[in-house]
Amino acid sequence: MGLKPYDRKISQIFNNIQYDVDFYQREYKWNDELEYKPVSSLLKDIFYRFDLEKYNPNQEINQESTDKLEWYYLNTFMTNLIKGKKYIVDGQQRLTTLTLVSIGLYHLAIKHKLEQHIIDALKNSIVGVTEFGKTFWMGFKDRKNALEDVLDNNIEFTKRNNDNIISERNIYKNYLVILNSLDAKFATPHKLQTFISYFRHRVYLIEIEIDKDKDVAMVFEVINDRGVPLKPYEILKGKILSQIDIADREKYIEIWETQIEKIEKNGENEIDEFFGFYFRSK
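A quick note: this is a predicted structure, and the numbers were derived from the prediction, not measured.

Calculation criteria
- Residues numbered from 1 in each chain as written.
- Predicted model: local features only at pLDDT ≥ 70, side-chain atom pairs only at ≥ 80, totals over all residues.
- Heavy atoms only, no water.
- Salt bridge = Lys/Arg side-chain N within 4 Å of Asp/Glu carboxyl O.
- Helix = DSSP H or I, 4+ residues; strand = E, 2+ residues; numbered from the N terminus.
- Phe/Tyr/Trp six-rings, centres within 6.5 Å; stacked < 30°, edge-to-face > 60°.
- Buried < 20%, exposed > 50% of the residue type's maximum accessible area, 1.4 Å probe, protein only.
- Lys NZ or Arg CZ within 6 Å of the ring centre and 35° of its normal.
- Pairing = 2+ DSSP bridges.
- Axes fitted to C-alpha atoms, helices over the stretch in contact; angles between N-to-C directions.
- Contact = heavy atoms within 4.5 Å.
- Polar contact = N/O pair within 3.5 Å; in protein donor to acceptor, adjacent residues only side chain to side chain.
- Left-handed = near helix turned anticlockwise from the far one by under 90°.
- Nonpolar A, V, L, I, M, F, W, Y, C, P; charged D, E, K, R; others polar.

## Comments concerning the pattern of salt bridges
When the charged atoms of two side chains lie near each other, side chains of opposite charge can form a pair. By the definition in use, this model includes 12 salt bridges. A salt bridge links lysine 85 to aspartate 20, with the nearest nitrogen and oxygen atoms 3.1 Å apart. Within this pair, whereas lysine 85 is found in strand S4 (residues 85-90), its partner aspartate 20 is found in strand S2 (residues 19-21), the two being separated by 65 residues in sequence. By sharing partners, the salt bridges in this structure join Arg8, Lys86, Glu207 and Glu209 into a single network.

Rendered as structure tokens:
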């Protein structure tokens, strides 16, 4: 099995790369209603490291001064390149949250009237234009509309009309948590700009690329996302669908998700209960 690690700045991770999520992954489920508060915890991790540097309100902010700041390793994410398309195997919760941080910084940069090139750089790390049109780098599946909504309207949401979509619901909730935290933390334009430079160029994640598609199911089975164990039905999904040729996989994914949604209406725990009864009956 081939695993290739690469250190990536946040500015490199979200830089004209469109991500998709493979069938192993789940919806965007992070929210601060969970006991360990993953969104606030991620922000606290970054803020803590930023605060270890003695902030100088008179420091000129440029590439040289930014490069002198101590770098911070945040975490890892795993990807799999298939036919020119980059799939996130593990880490989409974290990368989606970091995208929301960039959107919050984008709106605060406008509020504090930072220079236009800073605003443009932040926006380009969220969404870009390709020959196929406007593209959100983390805008796959069930989160594009919500990301577009918070980017275009900040806290004046306009498309908040499908509360049944877990990813959309958590994007709206988490964005408010993130924006309020950033706004309280960085009250002056200079400190905000200093943090933007730090966040984009001195916070690193390790990207681990998995060479072979057939290895992804095994890797996904043994990893956790920030300490949240995979549900048994998610592991089962990976084991079953990984046996299907990738060219035919999409229609079976659709069948799986349609049926799972019917069970999930009675509660997520009912999914594992269903499979437990099903296999015992066999």
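## Notes on the packing of aromatic side chains
Each pair of aromatic rings is reported with the distance of its centres and the angle of its planes. For the structure on display, the rule yields 10 aromatic pairs. Between phenylalanine 157 and tyrosine 172 the ring centres are 4.5 Å apart and the planes differ by 55°, which places this aromatic pair in the tilted class. Highlighted residues: phenylalanine 157 in the loop between helix H6 (144-153) and helix H7 (166-185) and tyrosine 172 in helix H7, separated in sequence by 15 residues. Comparing phenylalanine 157 with tyrosine 172, the two get one shared label, buried. Directly above the aromatic system of tyrosine 55 lies the positively charged group of lysine 191, at a separation of 5.5 Å from the ring centroid.

## Thoughts on the sheet that holds S2
Taken together, 5 strands build an open sheet; the order of strands is S1-S7-S3-S4-S2 and the sheet is mixed. A single partner strand is all that each edge strand has here, and the edge strands are strand S1 (3-9) and S2. Each strand axis lies, on average, 40° off the axis of its neighbour in the sheet, ignoring direction. Where helix H2 (residues 38-52) meets the sheet, its contacts fall on strand S3 (72-82) and strand S7 (203-210), and the angle it forms with S3 comes to roughly 125°. Sitting on the sheet, helix H8 (residues 189-201) touches S1, S3 and S7, and the angle it makes with S7 is about 20°.

## A look at the environment of lysine 86
Of note, lysine 86 is situated in strand S4. Between the C-alpha atom of lysine 86 and that of aspartate 20, which follows or precedes it by 66 residues, the distance is 6.3 Å. Residues within four places of lysine 86 in sequence aside, it is in contact with Ile17, Gln18, Tyr19, Asp20, Thr79, Asn80, Leu81, Glu207 and Glu209. Separated by 2.9 Å, the side chains of lysine 86 and glutamate 207 make a polar contact.

## A word on the packing of helix H5 (residues 116-124) against H8
Where H5 meets H8, the closest approach of the two axes is 12 Å, and the angle between their N-to-C directions is 35°. Considering how the two elements wind past one another, H5 and H8 form a crossing that is left-handed. For the pair formed by H5 and H8, the contact residues are Ile118, Ala121 and Leu122 on the first element and Gln193, Ile196 and Arg200 on the second. Grouping the constituent residues of the contact of H5 with H8 by class yields 4 nonpolar, 1 polar and 1 charged.

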